[in-house]
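As a plain string of letters, each chain reads:
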Amino acid sequence: MAGSDGSGLTGPLVRGVAMRSTAALGAAAAVIAVTAAEAAHDEGRVDEAGFVLVGVVALGLLFLAYHLWRGGGVRIAVSRTVAPQVGVRVLPVPTTSAPQRDAIRLDGITVRYGLRLALDDVSLRVGAGEIVGLLGPNGAGKTTTVDVCCGLRRPIAGTVCVLGHDATTSSADLRRSIGVVPQETGLYPELTGAEYMSLFAAMYDVKSSPARIEQVLALMGLWDRRNTRIGGFSGGMKRRLALARALLHDPPVLFLDEPTLGVDVHGRRALWDHVSRLRDEGRSVLLTTNYLEEATALCDRVVILDEGRVLADERPDALRRQSGTTLLLETDGDAQLLARILAERCDVEATVTDGVVAVSLPRDDLTAHVVRVAADAATVTSVRTEQPTLEDVFLRLTGQELRE
Amino acid sequence: MSSWWRAFDGGLRTQLRSFLRTPMTAFLVLILPINLLLLLSLFALTGYNAPTALVMGEDTAAARSYVEALEDTHNSFELRPMDLATAQDQLKRARLVAILEIPPGFEAGVQAGHTVPVNLTLDNVNLDMAEDVRRAVPAAAVIFAARNAFPEVRIEADLRNLLPRDTGYVQYLGVSAVALAACIAGAVLGGTVTAREWELGTARLSQLAPGGAAAVLAGRLAAAAVAGVVASSVTALIVWFGYSVHPVHPLEVGLTLVATVFACTMLGGLVGAGLRRVMPVAPLLIGTLLPFYLDSGALEPQRFDGEWLFALAHLSPTYYSVGVMEHAYHGLVVTPEPRWLLLLALVAIGLASLAALPRVARR
Ligand SMILES: Nc1ncnc2c1ncn2[C@@H]1O[C@H](COP(=O)(O)OP(=O)(O)OP(=O)(O)O)[C@@H](O)[C@H]1O
Ligand SMILES: [Mg+2]
């Protein structure tokens, strides 16, 4: 369709003007019809049934006019290209251009809430069969990123592509192919677990739904409680029900916003196992989490966000390696003195905790040198190295603890 | 079934189930319209039978004839015979609006052709009632004089009524209360139902479902409309059987009720989707619809108090609803617009709100 490729504005503009003119004519016709009918009625030429008929026809015309005005029915990309949004590029169609393996792809996404910049030029990718974890302190922009991917929030700049669809249009096809667990679990307290699942099975047109509902409820350990009203569920059970709902229509892409918040160890492990299996089947998962254990156990890649910016995007082990190692030395002598000597002679950071000297090594090849200097300076009774945890990495990058 | 219809159906069923499972909500839904009817009935009643003491200084044929004439004047007071001391005491305690004294020697005075004073003591705190009593006393004198063929008065009213029967104020107001009840019940239900979707966080889920949020909300609003029709039907039946206002056009009553609830449920639903919080929904909708109702000429036929107010009244569904409802029950024509247009306006308000819903839901 001309104009839908964004190559020129004339086509859409002409079409827009034409539609609005037609709409105005339709509305005028409706008004004239009613006025004429009323006049005829006053003169006794039209009975009341005729009147209602004219009214209904007029109403129909008005609605047609309204739809044309909005550009409904003839839904082309007019409004997207005509109404300019700062910096929004028109997406190339991924299936025809360069082969596109990313299930989720964000490029230069910027989101504002009023004056607050929630996401600042965020780019990230999730490949087919990949689990990516989004980590960041509260308010970093994790939920906003998920919202942008689902089409719930429009970026002011950048492109977002999910399974080859422009996510900002949030088409029905796209909605069918994603499963979402929002941060705020949306449940109807007056329904039972089974009824809640049936509702969504119907909305997503899930095939052989009773069997599928049983499958996902059993997976989340809720099958026995299926006839309990959700209002009577515990917090963790509610979370598990939300997960079951997201898995129900077996979507190729999953967005999980703090999926295991408040879920017990059992439920968490069951979910991790299941999500790992989904990855093995080639499905993609973007999850936000505050549990480093979860990120370490589950994610192929970890993206660390802070104040709307991507600080790191790496495999968890690579992230840890980048952060260097810690050397732990124990001595018979004065630990404080040893720490001072090491700091001076080796140009490293050395601290003392509980009588143990901890030396941060920016590079692994420094280990031998530091140990030699230490042995010369004091009687060293034990030497250990320690890999940083993801928590340490996080702390170093964002300057904040992950969980308060 | 398309995904839109599946979402609509899901919303409808869930909401109906929700109504049935929360009996307190269902009870409140039923009570609200009845309360509105009671409120307006009380309002009408307080201005209807103003208690007036009748102190008879003598029990003669002439005195009785004057009292009869007084009762025949078109008034809104209720005469209560009592002695002067009791009357004065009750007037002081605000139990009476006025004391009317037929003095001793009334008959003799009248027959002698003297001017006879009929004492009227008024508690003029309520001007409306006071005026009513003031007007009635001389009017009764005219009737009294005509009946007794006194020579001086030769005026006779040649009355031609527009309508075959009088419409009592309570009956008139009761009918407009049915319209108001349907409006408010529909609007509050609609607004609560949609706002709750955001409060529960489920709106986000229906926005992500293939059918979209508007379909789910439309389904919920359909259920709310069903509940609204049931609730306001009770009010309509109370006016019908309790107040004995037998509708001239019973089918029209039903049609108006459905159209009104439809219009207001959808409008309320739109407001709820805009507010996204349940708390402010009811105060805002009731607070807006009530003044519009008073402005809509609902209290008296054709009392619009000025062009601007009259024009303003057209903004609210209550205007259209009261217009048709008065016709349906009493056969009264209280608006300049024809009835079909009033009904059409209600349907149009509902449809326009429904059409705007996807936009507001997506915001
Ligand atoms: N609806 C909104 N209106 C205004 N500001 C918002 C809104 N939603 C989020 N924000 C702001 O945007 C920023 C990012 O919020 P977001 O919810 O994406 O953070 P998050 O990383 O998910 O945090 P958390 O770990 O607490 O869930 C925050 O500063 C927040 O205050
Ligand atoms: Mg969040």
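That block above? That's the structure.
Residues numbered from 1 in each chain as written. Chains lettered and ligands numbered in written order. Predicted model: local features only at pLDDT ≥ 70, side-chain atom pairs only at ≥ 80, totals over all residues. Heavy atoms only, no water.

The next thing to look at is the side chain of B:Gln90. One can find B:Gln90 in helix H4 (residues 84-92). Taking the relative accessible area as the measure of exposure, B:Gln90 reaches 18% and is therefore buried. (Helix = DSSP H or I, 4+ residues; strand = E, 2+ residues; numbered from the N terminus. Buried < 20%, exposed > 50% of the residue type's maximum accessible area, 1.4 Å probe, protein only.)

With that settled, consider the packing of helix H10 (residues 250-275) of chain B against helix H13 (residues 317-330) of chain B. Residue and element names in this part refer to chain B. Following both chains from N to C, one finds H10 and H13 inclined at 170°, their axes separated by 9 Å at the closest point. On the basis of their axis angle, the class for H10 and H13 is roughly antiparallel. Of H13, the residues touching H10 (which contributes Glu252, Val253, Thr256, Leu257, Thr260, Cys264 and Leu267) are Pro317, Ser321, Val324, Met325, His327, Ala328 and Tyr329. Its residues assigned to classes, the contact of H10 with H13 comprises nine nonpolar, four polar and one charged. (Axes fitted to C-alpha atoms, helices over the stretch in contact; angles between N-to-C directions. Parallel < 35°, antiparallel > 145°, perpendicular 65-115°, else oblique. Contact = heavy atoms within 4.5 Å. Nonpolar A, V, L, I, M, F, W, Y, C, P; charged D, E, K, R; others polar.)

Turning to the coordination of the magnesium ion (ligand 2), a few remarks are in order. Residues and elements named next belong to chain A. Donor atoms from the polypeptide that coordinate the magnesium ion (ligand 2) comprise Thr143 (OG1) and Gln183 (OE1), at 1.9 to 2.1 Å from the metal. One end of the pair, Thr143, is in helix H4 (residues 142-150); the other, Gln183, is in the loop between strand S6 (178-181) and helix H6 (193-203), with 40 residues separating them in the sequence. Using a relative accessible area of 36% as the deciding quantity, one classes Gln183 as partly exposed. (Donors = N, O, S within 2.8 Å, 3.2 Å for Na, K, Ca; no water.)

So, on to the site of ligand 1. All names here are of chain A. Surveying the vicinity of ligand 1 reveals 13 residues, the closest of which are Gly139, Lys142, Thr143, Thr144 and Gln183. A distance of 2.7 Å separates an oxygen atom of ligand 1 from a polar side-chain atom of Lys142. Only strand S2 (116-127) and H4 provide two or more residues apiece to the shell around ligand 1. The element best represented in the shell around ligand 1 is H4, accounting for three residues. (Near = heavy atom within 4 Å. Polar contact = N/O pair within 3.5 Å; in protein donor to acceptor, adjacent residues only side chain to side chain.)

Judged by nonpolar contacts, the single largest core of 82 residues is most densely connected at A:Ile104, A:Tyr196 and A:Phe255. With eight residues, the single largest contributor to this core is helix H8 (residues 235-248) of chain A. Each residue touching A:Phe255, except ones within four places of it in the same chain, is listed here: A:Ile104, A:Val146, A:Cys149, A:Cys150, A:Val162, A:Ile178, A:Gly179, A:Val180, A:Val181 and A:Leu286. In terms of nonpolar packing, the next biggest core, distinct from the first, is built from 35 residues, B:Leu36, B:Val175, B:Ala181 and B:Ala187 among them. (Core = buried A, V, L, I, M, F, W, Y, C linked by side-chain atoms within 4.5 Å.)

Residue and element names in this part refer to chain B. For the structure on display, the rule yields ten aromatic pairs over all chains. Taken together, a centroid distance of 5.2 Å and an interplanar angle of 75° make the contact between Trp5 and Phe8 edge-to-face. Highlighted residues: Trp5 and Phe8, both in helix H1 (residues 3-21), separated by three residues, approximately one helical turn. Taking relative accessible area as the criterion, Trp5 reaches 47% and is therefore assigned partly exposed. (Phe/Tyr/Trp six-rings, centres within 6.5 Å; stacked < 30°, edge-to-face > 60°.)

All right, on to the pattern of salt bridges then. Working definition: two side chains of opposite charge can pair if their charged atoms are close together. This structure, assessed with the given rule, holds 24 salt bridges over all chains. Measuring nitrogen to oxygen at the nearest pair gives 3.6 Å for the salt bridge that ties B:Arg6 to A:Asp205. Residue B:Arg6 is found in helix H1, and its partner A:Asp205 is found in the loop between H6 and helix H7 (209-219); the two belong to separate chains. For B:Arg6, a relative accessible area of 12% gives the class buried. Close ionic contact of A:Glu330 with A:Arg384 constitutes a salt bridge, the shortest N to O distance being 3.6 Å. You can see A:Glu330 sitting in strand S11 (residues 325-331) and its partner A:Arg384 sitting in strand S14 (residues 380-386), a full 54 residues away along the chain. Within this structure, A:Asp102, A:Arg105, A:Asp107 and A:Arg125 form a network of salt bridges that share partners. (Salt bridge = Lys/Arg side-chain N within 4 Å of Asp/Glu carboxyl O.)

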